[in-house]
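# Results of the structural survey
Each chain, letter by letter, is given below.
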Amino acid sequence: MSSSSSSSSSYFLFFLLGLDLVISIVSTCVWYSELYAFEDSPIFITQLNMALAVVVPSLYLLAETLALRWDDHRVDYFQFLRQGQGGILQLVKTVIQLAILNSAMNFLQIIGVQILGSGNSNLAVIIQQTVIPLSAFLCIFVLKTRFSLIEFAGIATVLGGVGVAFGLRLHTNSVSQLGAILLFCSCIPTAGLNIMIEKLVLPFRDADDDDAEYEVLTDSASEHKIQNAVNLPPPHQRPKETLNHRRALSVLRKILIIVILENAVGIVLNVPLSVALQGIKGDRIDALWDADMTRGLQCLFASSRENCKFAYIYVILFAPLGVLFVVMQLLVTVYGGSTLMFLMIALSLPIQNFFLASKTIMGSKAGTFDDSEVYGLVIILMGLLAFIYGTHRKKQAVIEQGSERPDL
């Protein structure tokens, strides 16, 4: 690879990381504001967010399809549908599994955050970091990942930081145990979702031969026809930057398809799940759906309640931000690896907590950032940095031994 290609890839990665940091912080603040606005209608806001997570990327793909030639998109879409040894049946099974995990994660998070209340938003963010050690645990058994001693120490430290923050707050009796338990439970499907999606997206990164991709994905079209369809020069005349740009767009489309499919199926699965989880809060099961939906619609369009004042603005803002948040997390995983993903978490955590506790940003829904959260956050950051350092050392050791790609 030429120096200009390497420089272009570095600029692209830095841009990706900066954009991910901004979207992560802004989307988190908007999401919490939205949940507090619809605090008495969790079913409505969950269904609405998942519906918008289908509509927004679908509109993007439709606009791109109309703007470009269909053959270009047919290559990407058909590759994704044929991916895997099980064909369409395997795809359906995977989508249903993703939808189940996604639905369980959304409801447990939303109800847990709402029960904890706006004063504990900072603690909620810290509790959700439990997903890091859980994801590592699943990586060992599902992805057969081997962690170094330093990485294990970092993971254990993260879990210890969560325990310190929650334990100190629990000692003061200033937190709902039920809300905390639901948030802890939400980390289980979140970790499972992370592992499943990682297994889906990492092969996108490993597809290093763009021209081989053109040949494999087209059964009836020749390389010459594909070149004409997408207006590309012959392979030996294509600059590497063009190939990387096209590959990034290809990965983006596949990620958007994952988002669309899991949320579309999840909307259906939410119906029985929502009734069951709402029962945890002690609400009446009969007429629960209608009451929740009615309250949600009133809050969105016709409510004079203070917490619903800007509800429609939060919905409009979170519609693209929610999709962008998921997309950016996956793009960073594909192009930066797990080390950079954990680095972004470490960078965003203190900023997120600062904004959630800021009355300027969150208004009356600002959280309290007391000593327990400070101690827990510092310990979590130490754990994340230890994990990043351990992963970097392992990567360097593998490279020095001449391996083609370190297992991160």
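Criteria and thresholds
Residues numbered from 1 in each chain as written. Predicted model: local features only at pLDDT ≥ 70, side-chain atom pairs only at ≥ 80, totals over all residues. Heavy atoms only, no water. Helix = DSSP H or I, 4+ residues; strand = E, 2+ residues; numbered from the N terminus. Buried < 20%, exposed > 50% of the residue type's maximum accessible area, 1.4 Å probe, protein only. Contact = heavy atoms within 4.5 Å. Areas by Shrake-Rupley, 256 points an atom, 1.4 Å probe, with all protein chains shown as cover. Expected span 1.5 Å × (residues − 1). pLDDT = per-residue confidence, 0-100. Phe/Tyr/Trp six-rings, centres within 6.5 Å; stacked < 30°, edge-to-face > 60°. Salt bridge = Lys/Arg side-chain N within 4 Å of Asp/Glu carboxyl O.

### Some thoughts on the overall build of the protein
Secondary structure assignment for the protein yields 15 helices and 0 strands. Buried positions account for 50% of the 408 residues belonging to the protein. Across the protein, contacts joining residues at least 24 apart in sequence account for 84% of those joining residues at least 6 apart. With the model as given, the accessible surface of the protein reaches about 19300 Å², and the carbon-plus-sulfur share is 66%.

### A word on helix α7 (residues 149–171)
When the terminal C-alpha atoms of α7 are compared, their 32 Å separation across 23 residues agrees well with the 33 Å that a helix rising 1.5 Å per residue should span. For α7, every residue scored as buried is listed here: E151, G154, I155, V158, G161, V162, A165, F166 and R169.

### Some words on the environment of A136
Mapped onto the elements of the fold, A136 is located in helix α6 (residues 131–142). On the basis of relative accessible area, A136 is assigned to the buried category, the value being 7%. Taking the C-alpha atoms as reference points, A136 and F152, separated by 16 residues in sequence, lie 8.9 Å from one another.

### Notes on the confidence of the model for the protein
When pLDDT is averaged along the protein, the result is 75, and 72% of the positions lie at 70 or above. Below pLDDT 50 for its whole length, residues 208–243 participates in 56 contacts with residues either more than four positions away or in separate chains. Every residue in residues 403–408 scores below 50 in pLDDT, and together they form 15 contacts with partners more than four places removed in sequence or on other chains.

### Describing the packing of aromatic side chains
Counted under the stated rule, the structure contains 8 aromatic pairs. Measuring from centroid to centroid gives 4.8 Å for F137 and F141, while their planes differ by 55°, and the two rings are tilted. Pair noted here: F137 and F141 are both in helix α6, with a separation of 4 residues, about one helical turn. We classify F137 as partly exposed; its relative accessible area is 47%. Classification of F141 by relative accessible area gives exposed; the value is 51%. Each ring, one from F147 and one from F387, has its centre 5.9 Å from the other, and the planes form 55°; the classification is tilted. Here F147 is found in the loop between α6 and α7, whereas its partner F387 is found in helix α15 (residues 371–400), with 240 residues between them in sequence. With respect to class, F147 is no different from F387; both count as buried. Three or more aromatic residues joined by ring pairs form one cluster here, namely W31, Y32 and Y36.

### Focus on the pattern of salt bridges
One pass over the structure, following the stated rule, counts 2 salt bridges. D40 serves as the salt-bridge partner of R295, at 3.9 Å between the closest nitrogen and oxygen. Taken together, the residues R295 in helix α12 (residues 288–302) and D40 in the loop between α1 (3–37) and α2 (42–67) connect sequence positions 255 residues apart. Taking relative accessible area as the criterion, R295 reaches 27% and is therefore assigned partly exposed. With its nearest N and O atoms 2.4 Å apart, the salt bridge here joins R169 to E373. Here R169 is found in helix α7, whereas its partner E373 is found in helix α15, with 204 residues between them in sequence.

### Looking at the side chain of N49
Along the polypeptide, N49 turns up in helix α2. Under the relative-accessibility criterion, N49 is labelled buried at 15%.

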